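Okay, here's what each chain looks like letter by letter:
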Amino acid sequence: MRSRPDAAGPRDAVSLARALSKLGVCSRRDAEAWVRAGRVRVGGRVVREPSHRVDPGRDAIAVDGDPVRAAARVYLAMNKPRGVVVSREDARGAPTVHDLLATHPVASRVAHLSPVGRLDKASEGLLLVTNDTRWGARLLDPASHVDRTYHVQIDRVPDDALLDALRAGVATQEGDTLAAKAVRVLRSGDRTAWLEVVLDEGRNRHIRRMLAARDVETLRLVRVAIGPLALGDLPKGAVRALTAAEQRALTTAG
């Protein structure tokens, strides 16, 4: 039996909806609707099944008769302020990272930019944003072991027992065990201290839950580096493009 000329090989095949999203044409949800509406052709034939397998690098895909070409890859760094939500909209009207992106001359013209990972509303610091979903997924993959470095203000002066526990791992109320790859004291006062905490994986509210399990309150949490990329002096709320060297360094990090 001869294979169809537009059939993708198993190594590079993805669903048609995902292919459109990966190419930066639209979101996955919009892609599914477009396909079902008959707006998408593969190899000149209308395909109405979003799960149809294609190779984005080889198959000729068109939407409304216009050939689909991969969008230029964009890699951005943002200094997310405290109180900003990492989502497209917030039910309570809080500002979002997409509001900040709309002010950047490059980001405002690029569709379907997505943050790489998350910082909760109360956290701040370095956030990567891209339309290269494969690149972002690699950075998030626990197997990559890309370090994330945080400066964390806590409500006490830590002793050696607390620091040792954070390195060894603590059991949380949710039933999991969370640990830091490295912890050290940056500076301390009479009642509070700043820690540098390094993680090589990032679970939901990892640092806050890890500290809470030891009855320690997190007062501030700032992500200052992802792999070799440091936040540096990027102002709060500002967005900048990564240099080619920075993008390559993050690609090979871990």
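These numbers come from a predicted model, not from an experiment. Counting restarts for each chain, with residues numbered from 1 along the sequence as it is written. Since the coordinates come from a predicted model, pLDDT governs what is reported: local features require at least 70, and pairs of side-chain atoms require 80 or more to be given and counted, while whole-chain, interface and lining totals use all residues. As a convention, hydrogens and water are excluded, and side-chain values are obtained from all of the structure's heavy atoms.

**Observations regarding helix α4 (residues 133-140)**
Inclusion rule: Accessibility here uses a 1.4 Å probe with only protein chains present; expressed as a share of the type maximum, an area under 20% marks a residue as buried, one over 50% as exposed, and anything in between as partly exposed. What counts as a helix is a DSSP run of H or I of at least four residues, what counts as a strand is a run of E of at least two, and both are numbered from the N terminus. By definition, the arc is the one covered by directions from the helix axis to the C-beta atoms. Here, two residues are considered to be in contact whenever any of their heavy atoms come within 4.5 Å of each other.
Within the sequence span of α4, burial applies to W135, G136 and L139. Angular distribution of buried residues about the axis of α4 spans 95 degrees; they occupy a single face of the element. Buried residues belonging to α4 abut β7 (75-80), β9 (124-130), β10 (148-154) and α7 (244-251).

**Notes on the pattern of salt bridges**
Rule in force here: Note on definitions: salt bridges are taken to be side-chain nitrogens of Lys or Arg within 4 Å of carboxyl oxygens of Asp or Glu.
Scanning all chains against the criterion turns up 14 salt bridges. In this structure, D147 and K181 form a salt bridge, with 3.0 Å as the shortest nitrogen-oxygen distance. Of this pair, D147 sits in the loop between α4 and β10 while K181 sits in the loop between β12 (177-178) and β13 (182-188), and the two are 34 residues apart along the sequence. Across the pair E201 and R203 runs a salt bridge whose closest N-O atoms are separated by 3.6 Å. By relative accessible area, which is 29% here, E201 ends up partly exposed. Overall, the relative accessible area of 35% leaves R203 in the partly exposed class.

**A short note on the sheet that holds strand β3 (residues 45-46)**
The following threshold applies: Two strands make a pair as long as DSSP finds a minimum of two bridges between them.
One open sheet holds the four strands; their spatial order is β3-β2-β5-β6, and the pairing between them is antiparallel. Taken across any chain shown, the strands that pair with only one partner, and hence form the sheet edges, are β3 and β6 (66-67). Here strand β2 (residues 40-42) runs beside β3; their pairing, made up of two bridges, is antiparallel. What sits directly across from R41, in β3, is V46.

**Some remarks on the UniProt feature "domain: RNA-binding S4" (unreviewed entry) in the chain**
For the record, the criterion: UniProt positions are given in the numbering used here, feature names are shortened, and annotations may be inferred rather than shown by experiment.
Mapped onto the present numbering, the UniProt feature "domain: RNA-binding S4" (unreviewed entry) falls at residues 14-73. Secondary structure across residues 14-73 comprises 27% helix and 23% strand; the distance between its end C-alpha atoms is 19 Å.

**So, the pairing of β13**
Put simply, side chains in a regular strand alternate between the two faces of the sheet. Inspection of the sheet shows β13 paired to strand β14 (residues 193-199) by six bridges, in the antiparallel sense. Bridge pairing in β14 places R184 opposite E196. Taking the residues that link successive antiparallel strands as the turn, the β13-β14 hairpin has four residues.

**Remarks on the pairing of β14**
For β14, the buried fraction is high: seven of the seven residues fall into the buried class. Burial of the side chains of β14 extends over both faces: A193, L195, V197 and L199 are buried on one face and W194, E196 and V198 on the other. Across seven bridges, β10 lies against β14 in antiparallel orientation. For R148, the partnering residue across the bridge sits in β14 and is L199.

**Some points on the packing of aromatic side chains**
Here the distance between the centres and the angle between the planes together describe a pair of aromatic rings. Here is the rule we go by: Each Phe, Tyr or Trp ring (for Trp, its six-membered ring) is paired with any other whose centre lies within 6.5 Å, and the angle between the two planes then decides the class: stacked below 30 degrees, edge-to-face above 60, tilted in between. A ring is scored as having a charge over it whenever the NZ atom of a lysine or the CZ atom of an arginine sits within 6 Å of its centre and within 35 degrees of its normal.
Going through the model one piece at a time under the given rule, you end up with one aromatic pair. Where Y75 meets W135, the ring centres are 4.8 Å apart and the plane angle is 75 degrees; that geometry is what we call edge-to-face. Here the residue Y75 occupies a position in strand β7, and W135 occupies one in helix α4, the gap between them amounting to 60 residues. With a relative accessible area of 8%, W135 lands in the buried category. A cation sits over an aromatic face here: R39 above W34, 4.6 Å from the ring centre.

**Section: the side chain of K80**
Worth spelling out the cut-off: Polar contacts here mean pairs of N or O atoms no more than 3.5 Å apart (in protein, one a potential hydrogen donor and the other a potential acceptor; neighbouring residues in sequence count only if both atoms are side-chain atoms).
Turning to its location among the elements, K80 is positioned in strand β7. Side-chain polar atoms of K80 contact the backbone oxygen of D120, separated by 3.3 Å. A polar atom in the side chain of K80 sits 2.7 Å from the backbone oxygen of S123. In contact with K80, other than residues within four places in its own chain, are V86, V97, L119, D120, K121, S123, E124 and G125.

**Notes on helix α5 (residues 160-168)**
Of all the residues in α5, the buried ones are L162, L163, A165 and L166. End-on, the buried residues of α5 take up no more than an arc of 160 degrees, which puts them together on one face. Among the exposed residues of α5, those oriented more than 90 degrees off its buried face are D160 and A168. Where α5 is buried, its residues meet β10, β11 (170-171), β13, β14 and α6 (206-212). Backbone geometry just downstream of α5 places G169 in the positive-phi region, at approximately 115 degrees.

**Side note on the nonpolar core**
The following threshold applies: The term nonpolar core refers to a set of buried residues drawn from Ala, Val, Leu, Ile, Met, Phe, Trp, Tyr and Cys, joined through side-chain atoms within 4.5 Å.
Counting residues in hydrophobic clusters, the biggest one holds 34 residues, and the most contacted among them are L76, L101, V152, I154, V197, I207 and M210. Broken down by secondary-structure element, the contributors of at least two residues to this core are β7, α3 (97-101), β9, β10, α5, β14 and α6. Those residues in contact with M210 that sit more than four places away from it in its chain are L166, V170, L178, A179, A180 and V197.

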